[in-house]
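Structure assessment
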Amino acid sequence: MNERAGLSEQDPLVQVYDHEQLSTIVAAARRGGKGVLCHSYSEKGCHDAVTAGIRSLEHGAFVGERTLREMRRRGTYFTPTLTAIAGLAESSDPVLAERGRTYLPVLERAVLATHELGVPLAAGTDSSGATVDPIGREVELMHAAGLPALDAIRTATTGAAKLLGFASTAGRLTAPAPSLHRFLRSPLPSKEPSMHSMQADSTVSPTAGLSRRSMPAGATVFKNVRPYGAKLPVDLTVVDGVITADPAPRGAEVVDCEGSIALPTLVDAHIHPDKTAWGEPWVTRNPAGSIAEYTAEDVKLYHALRTPLKVRAERLMGHAVTQGTRAMRAHVDVAPAYDLVGVEGVGSARRALRHALDVEIVAFPQHGVIRTPGTEELLEEAARTGAVDRVGGIDPIGFDEALDEQLDVVFGIADRHGVGVDIHLHERAATGLESLRAIIDRTRALSLQGKVTVSHVFCVPGLPERELDRLAADLADAGISLTTVAPSADLVLPIGRLREHGVHVGLGSDGVRDSWSPFGNADMLHRSHLLAQVQDARLDEELEAAFRSGADGGARLLGLPVADLAPGSPADFLLVRGECLPQVVVDLPRREMVVRGGRVVARDGELVGH
């Protein structure tokens, strides 16, 4: 993907193949039943490679958090070849030596971030020619980068085996072996024992050498749960974060759920955590009627609140976890009034809660893209540095009064930096449809299918049936998804009809106790309740559909696997007391427990293990 790091006359940050070319290579490989392992160094090169569908990213010194989260979503492996980069630092060539000294600490940080985010790691040395470096050296360097000893070993055993398709024949560590215990409890030796000497029946405690944050979920049996309110309780067995139909492994932790209902955790597809005054003293709001007036109130509130933005954001996002949210798309204001403070603050909160919550960040130009000079440059910087996953827009005609100019900027940034798009569209009737059609056209022209969302979309509710069907077909063809916050009966999207045409629709909280409204609680079960109310839901299946909008709709938008409590599903669920799912949607019982990846992350409204 990039030029080679081991040749002094080349620049490894120069990209050789673009996304389209690599996508062609990946497609050809898949037709032959093969995967692609891609060498890359720059963040853009890494992101292009990952989104093209590679199997493993090799080297990846400057890979960013945005790309790492995409790798986790796709199951893409990271093979950092620390041995090769460390070797450059020892080169007699001054250019290569300086390159190695510069790249190695950056790569070490990337490896640790990879491990903490749960991206699969594999060990490799990048050896070539007649000289083959011992794989144990790579394990040492993985450990030095911050991986616990056992996890470092796994990169060269089960991790590499899974990448290469040998997992079914690779040995596993499963029972006490005193010599291996000593090996794990002390620094890895410079001449480590051969991996072949570790017998398949030899085992250590699965938590030996692991920190609390990095410890794998292991195996847990959640006894006496009632999935979706089933009459008879069952046991949910979870191994490595996934529900399984296999018998529980020996030594699995057991959690008695005492007949509680288990429901999938939900996804907040549209929230503004940077604006919130949640947990702050009461705020008296001033009259406002236009977007410009509301944004002016935003700035006043931002300066009035004494608690730092990152603390407020983390407080609200953590509260969302305790109420059963497993992921969210956070729209964060980007404007000269704030610079990138919001992006940095919500990014900090995302890192602090990564064990419990997936977060996509949208750089949202609330003050307008064209009407507020300096905003374009901030959006560009946020996308270029990998700090955000998407770039936003807002009412191109009604507020920015520059349809083509705004969309050219927003889609241009998305195309250059490989990020997605999520545009607020409050415009109604013909004005909104004109903007929406322009968004569809640009999505098609830039082949951004599956990477564009339009939020609110107040021009869609109330459309005549035939016009709605034509528009929905075009949205589905362009791979454009929509979100609603269910504000009222006349502005909620016709979710069922849109889904019939293949349009993904997510549900979100919108603002939570900010300058726009004193209401909101970041509780997606409550938002599903509100959706059912504005839809005038009465039948059980209608109430269940409202819950599915909060659980499954947002998951599809964020590219997450649907959590349906079936074998193979991620072990992401909440526990409540109740009779059945429809009754839970109506009565909103207390969330007794929230489980993420098989770990309990919240009990009775409080985060645990944080």
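Shown above is the structure to which this text applies.
Residues numbered from 1 in each chain as written. Predicted model: local features only at pLDDT ≥ 70, side-chain atom pairs only at ≥ 80, totals over all residues. Heavy atoms only, no water.

**Some words on the overall build of the protein**
Regarding its fold elements, the protein presents 20 helices and 19 strands. On C-alpha atoms alone, the protein measures out to a radius of gyration of 25 Å, which is about the 25 Å that the 2.2 N^0.38 rule sets for 610 residues. Taken along the three principal axes of its C-alpha coordinates, the protein extends 70 × 65 × 55 Å. Taken across its 610 residues, the protein has 54% of its residues classed as buried. Sequence separation of at least 24 residues holds for 71% of the intrachain contacts in the protein that already meet a minimum separation of 6. (Helix = DSSP H or I, 4+ residues; strand = E, 2+ residues; numbered from the N terminus. Rg over C-alpha atoms; globule rule 2.2 N^0.38 Å. Buried < 20%, exposed > 50% of the residue type's maximum accessible area, 1.4 Å probe, protein only. Contact = heavy atoms within 4.5 Å.)

**Some thoughts on the sheet that holds strand β3 (residues 77-79)**
Read across the open sheet, the three strands follow the order β1-β2-β3; overall the sheet is parallel. Sheet topology places β1 (37-40) and β3 at the edges, where each strand pairs with a single neighbour. Strand-to-strand twist of the sheet, defined as the mean angle between neighbouring strand axes without regard to direction, takes the value 25°. Looking at chain direction, strand β2 (residues 56-59) and β3 are connected through three bridges and run parallel. Across the sheet, E58 pairs through a bridge with T79, a residue of β3. (Pairing = 2+ DSSP bridges. Axes fitted to C-alpha atoms, helices over the stretch in contact; angles between N-to-C directions.)

**Here's the deal with the packing of aromatic side chains**
Summed over the entire model, instances satisfying the criterion amount to five aromatic pairs. A centroid spacing of 6.2 Å and a plane angle of 45° characterise the contact between Y41 and Y103, whose relative ring orientation is tilted. Of this pair, Y41 sits in the loop between β1 and α2 (43-52) while Y103 sits in helix α5 (residues 94-117), and the two are 62 residues apart along the sequence. Its relative accessible area of 7% is what places Y103 among the buried residues. Ring centres of Y302 and Y338 lie 5.0 Å apart, and the angle between their planes is 80°; on these two criteria the pair is classed as edge-to-face. On the criterion of sequence distance, the pair formed by Y302 in helix α10 (residues 291-304) and Y338 in the loop between β9 (325-333) and α12 (341-352) is long-range, its members being 36 residues apart. Classification of Y338 by relative accessible area gives buried; the value is 8%. (Phe/Tyr/Trp six-rings, centres within 6.5 Å; stacked < 30°, edge-to-face > 60°.)

**Focus on a negative patch on the surface**
A contiguous patch of negative charge, built from D536, D540, E541, E542 and E544, is present on the exposed surface. Examined against the element boundaries, E544 turns out to sit in helix α19 (residues 540-557). (Patch = residues over 30% accessible without salt bridge, like charges linked within 9 Å, V, L, I, M, F, W, Y side chains within 5 Å. Areas by Shrake-Rupley, 256 points an atom, 1.4 Å probe, with all protein chains shown as cover. Salt bridge = Lys/Arg side-chain N within 4 Å of Asp/Glu carboxyl O. Lys, Arg positive; Asp, Glu negative; His and termini not counted. Charge placed at Lys NZ, Arg CZ, Asp CG, Glu CD.)

**Thoughts on the sheet that holds strand β13 (residues 452-456)**
Within the open sheet, the eight strands sit side by side as β8-β9-β10-β11-β12-β13-β14-β15. Their pairing is parallel. A strand with exactly one partner marks an edge of an open sheet, and here the two such strands are β8 (266-271) and β15 (505-507). Averaged over neighbouring strand pairs, the angle between their axes works out to 25° when direction is ignored. Bridge count for β13 against strand β14 (residues 480-484) is four bridges, and the pairing is parallel. Following the sheet pairing, S455 is matched in β14 by T483.

**Some points on the pattern of salt bridges**
A complete count under the given rule lists 37 salt bridges for this structure. Among the salt bridges present, the one from R591 reaches D523, with a minimum N-O distance of 2.9 Å. One end of the pair, R591, is in the loop between α20 (581-587) and β17 (593-596); the other, D523, is in the loop between β15 and α18 (524-534), and 68 residues separate them in sequence. Of the two residues, R591 and D523, neither departs from the other in class, the shared state being buried. Among the charged side chains, a network of salt bridges with common partners joins R72, R326, D358, D572 and R596.

**Observations concerning empty space enclosed by the protein**
The full count for this structure, using the stated rule, is two cavities of 30 Å³ or more. Space inside the largest cavity adds up to approximately 130 Å³. In terms of lining residues, the largest cavity is bounded by 13 residues, among which D274, K275, D298, Y302 and Y338 are the most central. Secondary-structure elements contributing two or more residues to the lining of the largest cavity are α10 and α11 (309-322). For the lining of the largest cavity, the element with the most residues is α10, which contributes three residues. Lining the second largest cavity are E65, R69, R72, L117, R350, R354, L357, D358 and V359. (1 Å grid on protein atoms, 1.4 Å probe; cavity = no way out; pocket = protein on both sides within 12 Å on 5 of 7 lines; lining within 4 Å. Points joined across faces, edges and corners; volume = space filled by probe spheres on them.)

**Some details on the layout of surface pockets**
Of the pockets and cavities examined, the second largest pocket occupies roughly 590 Å³. Along the walls of the second largest pocket sit 26 residues, with H456, V485, P487, D510 and W516 positioned nearest its centre. Among the elements that make up the lining of the second largest pocket, the one with the highest residue count is α18 (three residues). Of the residues that constitute the lining of the second largest pocket, the class distribution is nine nonpolar, twelve polar and five charged. (Nonpolar A, V, L, I, M, F, W, Y, C, P; charged D, E, K, R; others polar.)

**A closer look at the pairing of strand β7 (residues 253-264)**
It is a general feature of regular strands that their side chains alternate between the two faces of the sheet. Where strand β4 (residues 219-227) lies against β7, seven bridges are found, and the strand directions are parallel. Considered in β7, the bridge of V221 is made with V254. Bridge count for β7 against strand β16 (residues 573-576) is four bridges, and the pairing is antiparallel. Looking at β16, one finds that I261 is bridged to V576.

**Some words on the side chain of R596**
Of note, R596 is situated in strand β17. Classification of R596 by relative accessible area gives buried; the value is 16%. At a separation of 3.1 Å, a polar atom in the side chain of R596 contacts the main-chain carbonyl oxygen of R326. Engagement of the side chain of R596 in a polar contact is seen with the side chain of D358, the distance being 3.0 Å. (Polar contact = N/O pair within 3.5 Å; in protein donor to acceptor, adjacent residues only side chain to side chain.)

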